[in-house]
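Residue strings, one per chain:
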Protein chains: 2
Amino acid sequence: MVKVTVLDKKDAQNCPIRDVLDRVGDKWSILIFCVLEDGAKRFNEIKRALGDITQRVLTSTLRKLETEGYLTREVFPTSPPKVIYELTARGRALLGLMMPVIEWAEMTHAEIKADRAQA
Amino acid sequence: MVKVTVLDKKDAQNCPIRDVLDRVGDKWSILIFCVLEDGAKRFNEIKRALGDITQRVLTSTLRKLETEGYLTREVFPTSPPKVIYELTARGRALLGLMMPVIEWAEMTHAEIKADRAQA
DNA sequence: CAGTATCCAAATTGATACTG
DNA sequence: CAGTATCAATTTGGATACTG
């Protein structure tokens, strides 16, 4: 029984649900978590796995997730450059909690599409 | 180990994660789920609980959630009109799965804010 | 009370070209 | 390879006024 605390515009950062979930509720974050599930990956590996994300958007999403402490970014100053991204304990914790939701989405997907068609 | 299926633009609806989660990943949906957690509520009750949402946005979000089968809308043709919204089994299922995530967000909130400050 | 109707601002995402 | 820099389009959300 979670209390939906404070929801005034000025206080959005004081509502944990808004402050935490809004930042991983964009179009790509959870997908990136899934891609990194089984270990660190390079920038272009992630990009290819996602298929249609642009470089600009991937870069800024990764930076945001790094700032929030969900993943680390390690640069190897070689030529050509190499950068790897890896989930932190916090990132793995959140992904672990999201996993049942993701699995439920996969299960319920067909049913939901059917409902939409009706309306 | 969830497979991040198909991520081409045209096929976004074939990726359950995108197709299901994107639609409850907006600014208000999960919050509305929380408000309706302990039973049906009227339009303005929900509005007051959320504090700063506008009528237009609340209406359209509720309509979307209804179309997706997460809640029902029941109209009482009285004067003044009365409309109540209530979570469906599907809505309760999703909220149940999101609950651990929400609780984790509440727990981790302070820590995350601290990390942000560093960066 | 529970909406619609307009209009508008801001945030998000995308396309494309360029670089150390 | 892993980005930046611009520019443009789209989407989302908000302000305000009006109505059965």
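Bear in mind the structure is a predicted one, so any value in this text is a computation, not a measurement.

Here we come to the relation of the copies chain A and chain B. The relation between the two copies of this chain is a rotation about an axis and a shift parallel to it. Rotating chain A by 180° and translating it 0.0 Å along the rotation axis places it on chain B, where the RMSD comes to 0.0 Å. Such a combination of rotation and displacement between the chain copies is what one expects of a two-fold axis. It is G25 of chain A whose C-alpha, among those of chain A, lies nearest the rotation axis, at 2.6 Å. Most of the interface of chain A is mirrored in chain B, where 100% of its interface residues are also at the interface.

Before going further, it helps to spend a moment on the interface of chain A and chain B. How big an interface is tends to be expressed through the accessible area that disappears when the partners come together. Contacts between the two partners involve 53 residues from chain A, matched on the other side by 53 residues from chain B. Between chain A and chain B lies a buried interface of about 4,800 Å² when both sides are counted; carbon and sulfur atoms form 64% of it. Inspection of the region where chain A meets chain B yields eight salt bridges. For the salt bridge of R90 of chain A with E111 of chain B, the shortest nitrogen-to-oxygen distance reads 3.2 Å. For the pair chain A and chain B, the number of links is 10 residue pairs in polar contact (both at pLDDT 80 or more). Residue assignment for the side of chain A that touches chain B shows that the elements contributing at least two residues are helix 1 (16-24), helix 2 (29-35), helix 3 (43-50) and helix 5 (89-118) of chain A. Counting residues per element, the side of chain A that touches chain B draws most heavily on helix 5 of chain A, at 20 residues. Looking at the side of chain A that touches chain B residue by residue, the classes come out as 28 nonpolar, seven polar and 18 charged.

The next thing to look at is the protein's contact with DNA strand D. Near DNA strand D, the surroundings consist of 22 residues, among which R42, Q55, R73 and Y85 of chain A together with R56 of chain B are the closest. Within 4 Å of the protein, atoms of DNA strand D come from sugar and phosphate in 62% of cases. N44 of chain A is positioned such that a nitrogen or oxygen atom in its backbone is 3.0 Å from a phosphate oxygen of DNA strand D. Here K27 of chain B contributes a side-chain N or O atom positioned 3.0 Å from a phosphate oxygen of DNA strand D. Taken together, the elements giving at least two residues each to the surface near DNA strand D come down to helix 3, helix 4 (55-67) and strand 3 (82-87) of chain A together with helix 4 (55-67) of chain B.

Walk down a regular strand and you will see the side chains alternate between the two sheet faces. Residues and elements named next belong to chain B. By the bridge criterion, six bridges tie strand 2 (residues 71-76) to strand 3 (residues 82-87) in an arrangement that is antiparallel. From the neighbouring strand, E74 faces strand 3, where its bridge partner is I84. Linking strand 2 to strand 3, which pair antiparallel, is a turn of five residues.

In this model, the largest pocket occupies a volume close to 420 Å³. Secondary structure elements with two or more residues in the lining of the largest pocket: helix 1 and helix 2 of chain A together with helix 1 (16-24), helix 2 (29-35) and helix 5 (89-118) of chain B. A class-by-class count of the residues in the lining of the largest pocket yields 14 nonpolar, two polar and eight charged.

A full pass over the atoms with the stated rule returns 16 salt bridges over all chains. Its salt-bridge partner being R116 of chain B, residue E68 of chain A comes within 2.7 Å of it at the nearest N-O pair. With E68 of chain A in the loop between helix 4 and strand 2 (71-76) and R116 of chain B in helix 5, the pair connects residues from two separate chains. By relative accessible area, R116 of chain B is classed as buried at 16%. The partner of R23 of chain B in a salt bridge is E68 of chain B, and the shortest N-O contact between them spans 3.4 Å. Remark: E68 of chain B occurs in the loop between helix 4 and strand 2 and R23 of chain B occurs in helix 1; sequence separation between them is 45 residues. Judged by relative accessible area, E68 of chain B falls into the buried class, the value being 2%. Taken together, the salt bridges that share partners define one network made up of D19, R23 and E68 of chain A together with R116 of chain B.

Criteria and cut-off values
- Residues numbered from 1 in each chain as written.
- Chains lettered and ligands numbered in written order.
- Predicted model: local features only at pLDDT ≥ 70, side-chain atom pairs only at ≥ 80, totals over all residues.
- Heavy atoms only, no water.
- Least-squares fit on C-alpha atoms with pLDDT ≥ 70 in both.
- Contact = heavy atoms within 4.5 Å.
- Buried area = accessible area lost by both parts, 1.4 Å probe.
- Salt bridge = Lys/Arg side-chain N within 4 Å of Asp/Glu carboxyl O.
- Polar contact = N/O pair within 3.5 Å; in protein donor to acceptor, adjacent residues only side chain to side chain.
- Helix = DSSP H or I, 4+ residues; strand = E, 2+ residues; numbered from the N terminus.
- Nonpolar A, V, L, I, M, F, W, Y, C, P; charged D, E, K, R; others polar.
- Near = heavy atom within 4 Å.
- Pairing = 2+ DSSP bridges.
- 1 Å grid on protein atoms, 1.4 Å probe; cavity = no way out; pocket = protein on both sides within 12 Å on 5 of 7 lines; lining within 4 Å.
- Points joined across faces, edges and corners; volume = space filled by probe spheres on them.
- Buried < 20%, exposed > 50% of the residue type's maximum accessible area, 1.4 Å probe, protein only.

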